[in-house]
Amino acid sequence: GDYSTASLNSHILEFQQLADNLGTMASAIERREQSLRLKEQQLRNTLELTPNVAVQWFDDDGHILFWNSASEALFGHSPQQALGKTPAELDYLPDPQFMIDRLLEVTRLDMAVGPWESPFNMPDGTVGMLVSTAFAIPDGERRHILVAMQVDITRQKQAEESICRLNAELEDRV
């Protein structure tokens with residue numbers, strides 16, 4: 001009887017240690033999951049709450065996977081209108097193939113491209129100017145996600161043109 005009681009007590013201790021270890025592992029996993037959720041929220045907020053940087057994510061076929069609030073403000077299309085569509089379907093770029101070519105260049109060169117300047121169709125029907133860059137980020141399901149980021153430089157371009165006109169007028173007077 002003593003041997004089986006000692007053996008049973010030994011097994012009980014092993015199970016308690018195993019349970020303690022499992023509890024420690026579960027706590028560590030929970031902390032890691034909380035950390036990942038926090039990092040995901042931080043990234044999402046960075047993308048969504050950056051007011052003047054339009055960010056779009058595209059799949060390999062040029063379909064929009066992500067469209068932030070700055071993209072909506074700049075191009076006039078809500079995320080619901082944009083997701084799953086291509087730039088050509090949304091008609092926010094006078095030359096959507098140019099954007100697709102830049103995205104394809106990212107995949108071909110396996111590096112970021114840009115910055116480059118290009119026109120865009122503003123929601124009021126006028127044409128503005130963008131400075132853009134594109135790069136790829138890894139995705140577990142696809143080979144990569146293509147990212148485009150743009151800033152509206154219309155006012156800067158208008159100011160440059162105004163300065164050039166004023167300089168030309170000044171030179172004519174001299």
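Everything in this summary refers to the structure shown in the same document. (Residues numbered from 1 in each chain as written. Predicted model: local features only at pLDDT ≥ 70, side-chain atom pairs only at ≥ 80, totals over all residues. Heavy atoms only, no water.)

Side note on the side chain of serine 78
Logical step 1: Position of serine 78 relative to the elements: it lies in the loop between helix H2 (69-75) and helix H3 (79-82).
Logical step 2: Under the relative-accessibility criterion, serine 78 is labelled buried at 14%.
Logical step 3: Ignoring anything within four residues of it in the chain, the contact list for serine 78 reads Trp67 and Glu72. (Helix = DSSP H or I, 4+ residues; strand = E, 2+ residues; numbered from the N terminus. Buried < 20%, exposed > 50% of the residue type's maximum accessible area, 1.4 Å probe, protein only. Contact = heavy atoms within 4.5 Å.)

Structural notes on the packing of aromatic side chains
Logical step 1: Applying the stated rule across the entire model yields six aromatic pairs.
Logical step 2: Where tryptophan 67 meets phenylalanine 75, the ring centres are 5.7 Å apart and the plane angle is 45°; that geometry is what we call tilted. Comparing tryptophan 67 with phenylalanine 75 shows no difference in burial state: the two are buried.
Logical step 3: Taking the centre distance of 6.2 Å and the plane angle of 75° together, the rings of phenylalanine 98 and tryptophan 116 count as edge-to-face. A residue pair is termed long-range when its members are at least 10 positions apart, and phenylalanine 98 in helix H5 (residues 96-109) and tryptophan 116 in strand S3 (residues 113-121) qualify at 18 residues.
Logical step 4: Connected via pairs of aromatic rings, a cluster forms that spans Trp67, Phe75, Tyr92 and Phe120.
Logical step 5: A cation over a ring is seen here: arginine 102 above phenylalanine 98, with NZ or CZ 4.4 Å from the ring centre. (Phe/Tyr/Trp six-rings, centres within 6.5 Å; stacked < 30°, edge-to-face > 60°. Lys NZ or Arg CZ within 6 Å of the ring centre and 35° of its normal.)

A few points about the pairing of S3
On a regular strand, one side chain projects to one face of the sheet and the next to the other, so that they alternate.
Logical step 1: Where S3 and strand S4 (residues 127-137) come together, seven bridges link them in antiparallel fashion. Each bridged residue has a counterpart across the sheet, and for asparagine 121 the counterpart in S4 is valine 127.
Logical step 2: Linkage of S3 to S4, two consecutive antiparallel strands, is achieved through a turn of five residues, within which glycine 125 is found at a positive phi near 95°. (Pairing = 2+ DSSP bridges.)

Notes on a nonpolar patch on the surface
Logical step 1: Together, Phe15, Leu18, Leu22, Met25 and Ile29 give the surface a local cluster of nonpolar side chains, amounting to about 530 Å² of exposed area.
Logical step 2: If you trace the backbone, methionine 25 turns up in helix H1 (residues 2-49). (Patch = residues over 30% accessible without salt bridge, like charges linked within 9 Å, V, L, I, M, F, W, Y side chains within 5 Å. Areas by Shrake-Rupley, 256 points an atom, 1.4 Å probe, with all protein chains shown as cover. Salt bridge = Lys/Arg side-chain N within 4 Å of Asp/Glu carboxyl O.)

Some words on the side chain of histidine 77
Logical step 1: Take histidine 77: it is sitting in the loop between H2 and H3.
Logical step 2: For histidine 77, a relative accessible area of 18% corresponds to the buried category.
Logical step 3: Among the polar contacts made by the side chain of histidine 77, one reaches the main-chain carbonyl oxygen of leucine 90 at a distance of 2.9 Å. (Polar contact = N/O pair within 3.5 Å; in protein donor to acceptor, adjacent residues only side chain to side chain.)

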